[in-house]
Amino acid sequence: MEHIHDYLIIGGGMAADAAARAIREVDAAADIGLVGDEAAPPYQRPPLSKALWKGDKSTAEIDLGTVKSGAVLHLGRRVESLDRAAHTARDDRGDSYRYRRLLLATGATPRRLPFDGGERAIHFRTLDDYQALRRYARPGAYIAVVGGGFIGSELAASLCGIGCKVTLLFPGASIGAGRYPDGLANHLDEYYRRHGVTLASGVRVVGGSRTDGGVELELSDGEVLRVEAVVAGLGVEPNTALAEQAGLLVDNGIVVDAQLRSSDPDIWAAGDVANFHNPALGRRLRVEHEDAALGMGRHAGLAMAGITSDYITLPFFYSDLFDLGYEAVGLLDSRLQIVEDWREAYREGVVYYLDGGRVRGVLLWNVWDQVDAARELIAQPGPFDAASLRGYLPRSA
Ligand SMILES: NC(=O)c1ccc[n+]([C@@H]2O[C@H](COP(=O)([O-])OP(=O)(O)OC[C@H]3O[C@@H](n4cnc5c(N)ncnc54)[C@H](O)[C@@H]3O)[C@@H](O)[C@H]2O)c1
């Protein structure tokens, strides 16, 4: 069967939804098609590791309502090939799609554990993964969480919050090592321990096997850990196979210009898969956060419908860890020069990340309503130093 759409969006995540809405805003008569390989229509992803576990939201409430944009949703289908000359795409059921303009919002795929753990080994990313984990994550259940990044730190706190017995394993020295200053990272480890999470730092999973009613993990320190389920957050790889097959320029993601257009003038890319240049940070980036998916999706949708401007937004992200929360802008890289400005050590304060006198990132730790001010600070040429930054942003709202 052939489907014909003015605008075709490949991908069914948050960037895809934002693009469909933006196109509709500009072009009331547009024929928009969206092909996504998940069965569910686009949904908010952040609650999967946070709010859904606290009972603050239900799965019914995370649907983004993409149908309201009037886009035709082709769900449970994976696009397998792209013919740029013919302006067509083909899915895994043999249907083809003709487009005038195309958005690649194909996202990213989780890195895998080094063994086949069957359904009790969950590489966490989607609503299906959340539902799979829910089946095993009962109060009192032994769960291993592998990876000390966003997924690992958020899920360990969430699972602990519903009464699971959680072991959090990660290769670094502490949770969020590489992102936070040492004192904060150490404090966070202690905080997790106090809440009952067992931490295994400096450890990798090197193998494992399924057992009756569980999973056995072989660790790099020679230990063996038996759990009822294991959930992994080992980082992601951008889904660039389709773009590569089609001959688009790919380098750590699909390379796009300032208006998010790929090396093909009729194809845009947005979200986790897109590699763009950020002028304030002076470098190319691929950003794997909700804000970028929403902002880039919208920007690309507007551009596809004829409203073009440069995408200059700095990365923004946030996290909730037990009762701690933060917002951040720019680059959080502990290899940069760090200036800490605590109102109360590790409870409320601001951390600045500098490079050659320029602020490249700001961490607002339990400090709210300062995101725009942080963006403005990063856009300034400086130079800044510790003395000029202390007290620059209020350390508490
Ligand atoms: N609050 C948020 O913004 C948020 C929340 C959840 C997920 N996300 C996004 O989802 C994506 C996936 O999250 P993530 O936590 O998997 O990625 P991540 O990059 O945040 O963390 C990956 C972690 O896995 C560790 N790791 C890598 N290889 C390992 C191995 N072999 N054994 C053990 N640990 C290993 C790394 O050291 C790192 O700590 C990321 O892009 C993230 O930005 C964002």
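Cut-offs used in this document
Residues numbered from 1 in each chain as written. Predicted model: local features only at pLDDT ≥ 70, side-chain atom pairs only at ≥ 80, totals over all residues. UniProt positions renumbered as here; feature names shortened; annotations may be inferred. Helix = DSSP H or I, 4+ residues; strand = E, 2+ residues; numbered from the N terminus. Rg over C-alpha atoms; globule rule 2.2 N^0.38 Å. Buried ≥ 20, exposed ≤ 12 C-beta atoms within 10 Å, placed from the backbone. Contact = placed C-beta atoms within 7 Å. Pairing = 2+ DSSP bridges. Axes fitted to C-alpha atoms, helices over the stretch in contact; angles between N-to-C directions. Domains from an automatic or database assignment. Nonpolar A, V, L, I, M, F, W, Y, C, P; charged D, E, K, R; others polar. Expected span 1.5 Å × (residues − 1). Near = placed C-beta within 6 Å.

Looking at an unreviewed UniProt entry, the protein chain carries the name NAD(P)/FAD-dependent oxidoreductase, with the source organism given as Rhodanobacter ginsengisoli. The UniProt entry for the protein chain carries this comment under Catalytic activity (unreviewed entry): "A + NADH + H(+) = AH2 + NAD(+)". Listed in UniProt under the heading Cofactor (unreviewed entry), the comment for the protein chain reads: "FAD".

Asks: What is the right way to read the overall build of the protein chain from this model?
Replies: Each helix and strand in the protein chain was counted, giving nine helices and 25 strands. Taking 21 Å as the expected radius of gyration for a compact globule of 397 residues, we find that the protein chain reaches 22 Å, a close match to that expectation. Counting only C-alpha atoms and orienting by the principal axes, one finds that the protein chain spans roughly 60 × 60 × 35 Å. For the protein chain, with 397 residues in total, the buried portion stands at 46%. Long-range pairs, those at least 24 residues apart, make up 62% of the contacts in the protein chain between residues at least 6 apart in sequence.

Asks: What is the right way to look at the sheet that holds strand β14 (residues 224-227) in this model?
Replies: Sheets are built from strands paired through backbone hydrogen bonds, the pairs being either parallel or antiparallel. Strand order in the open sheet formed by three strands is β12-β13-β14, and the pairing between neighbours is antiparallel. If you trace the sheet from one side to the other, it starts and ends with β12 (205-211) and β14, each paired once. Averaged over all pairs of adjacent strands, the angle between their axes in this sheet comes to 20°, without regard to strand direction. The sheet contact formed by strand β13 (residues 214-219) and β14 spans four bridges and is antiparallel. Its bridge partner lying in β14, valine 215 is registered against valine 227.

Asks: Would you take a moment to explain the sheet that holds strand β25 (residues 358-365) for this structure?
Replies: Taking strand neighbours across the sheet as the criterion, the five strands line up as β21-β22-β25-β24-β23 in an open arrangement whose pairing is antiparallel. Edge strands, defined here as strands with exactly one partner in the open sheet, are β21 (316-321) and β23 (337-344). Neighbouring strand axes in the sheet, compared pairwise and without regard to direction, differ in orientation by 15° on average. One ladder, built from five bridges, connects strand β22 (residues 324-330) with β25; its direction is antiparallel. Residue pairing in the sheet places alanine 328 in a bridge with leucine 363 of β25. Sheet contacts for helix α8 (residues 371-379): β21, β22 and β25; angle to β25, the most-contacted strand, approximately 165°.

Asks: What should I look at first to understand the domain arrangement of the protein chain in this one?
Replies: Bring the parts together and some accessible area is lost; that lost area is often taken as the interface size. Each assigned domain of the protein chain is listed with its residue range as follows: domain 1 (2-109 + 236-304), domain 2 (112-232) and domain 3 (323-389). Every contact between the two is made by seven residues of domain 2 and, on the other side, six residues of domain 3. The class makeup of the residues in the side of domain 2 that touches domain 3 is three nonpolar, three polar and one charged.

Asks: Would you mind going over helix α7 (residues 290-304) with me for this structure?
Replies: For α7, which comprises 15 residues, the first-to-last C-alpha distance of 21 Å matches the rise-based estimate of 21 Å (1.5 Å per residue) to within 8%. Among the 15 residues of α7, 13 are classified as buried, and the element is accordingly described as predominantly covered. With its phi angle positive at about 110°, glycine 306 sits one or two positions after the end of α7.

Asks: Explain the site of the ligand to me, please; I cannot follow it from the model alone.
Replies: The environment of the ligand is made up of 23 residues, and the closest members are Gly147, Gly149, Ile151, Gly233 and Glu288. Contributing elements (two or more residues each) for the shell around the ligand: α4 (150-161) and β21. It is α4 that contributes the most residues to the shell around the ligand, four residues altogether. Within the shell around the ligand, the residues separate by chemical class into ten nonpolar, ten polar and three charged. Here the shell around the ligand gathers at least three residues from each of two domains, domain 1 (2-109 + 236-304) and domain 2 (112-232).

Asks: Is there a simple way to think about the UniProt feature "domain: FAD/NAD(P)-binding" (unreviewed entry) in the protein chain in this case?
Replies: Feature annotation in UniProt assigns "domain: FAD/NAD(P)-binding" (unreviewed entry) to the following positions: residues 6-284. A distance of 30 Å separates the end C-alpha atoms of residues 6-284, which is 20% helix and 32% strand.

Asks: Any chance you could explain the environment of proline 238 here in plain terms?
Replies: Within the element layout of this structure, proline 238 appears in strand β16 (residues 236-238). In this view, proline 238 contacts Ala108, Gly253, Asp272, Val273 and Arg286; residues no more than four positions away in its chain are not counted.

Asks: What should I look at first to understand unusual backbone geometry in this one?
Replies: Where the residue is not glycine, phi is negative for most of them; where a peptide bond is considered, it is trans in most cases. Each neighbour pair has its own omega, and for glycine 382 with proline 383 the value is 5°, a cis peptide bond. With respect to the helices, strands and loops of the structure, proline 383 is situated in the loop between α8 and α9 (386-389). In this structure, histidine 87 is a non-glycine residue whose phi angle is positive, near 55°. At asparagine 366, a residue that is not glycine, the phi angle is positive and equals roughly 55°. Relative to the helices and strands, asparagine 366 resides in the loop between β25 and α8.

Asks: I keep staring at the pairing of strand β4 (residues 79-83) and nothing clicks. Help me out?
Replies: Remark: a regular strand shows side chains that alternate across the two faces of the sheet. As paired elements, β4 and strand β5 (residues 88-91) share four bridges and run antiparallel to each other. Directly across from serine 81, in β5, lies its bridge partner arginine 90. With antiparallel pairing between neighbouring strands as the criterion, β4 and β5 make up a hairpin whose turn holds four residues, including histidine 87 at a positive phi of roughly 55°.

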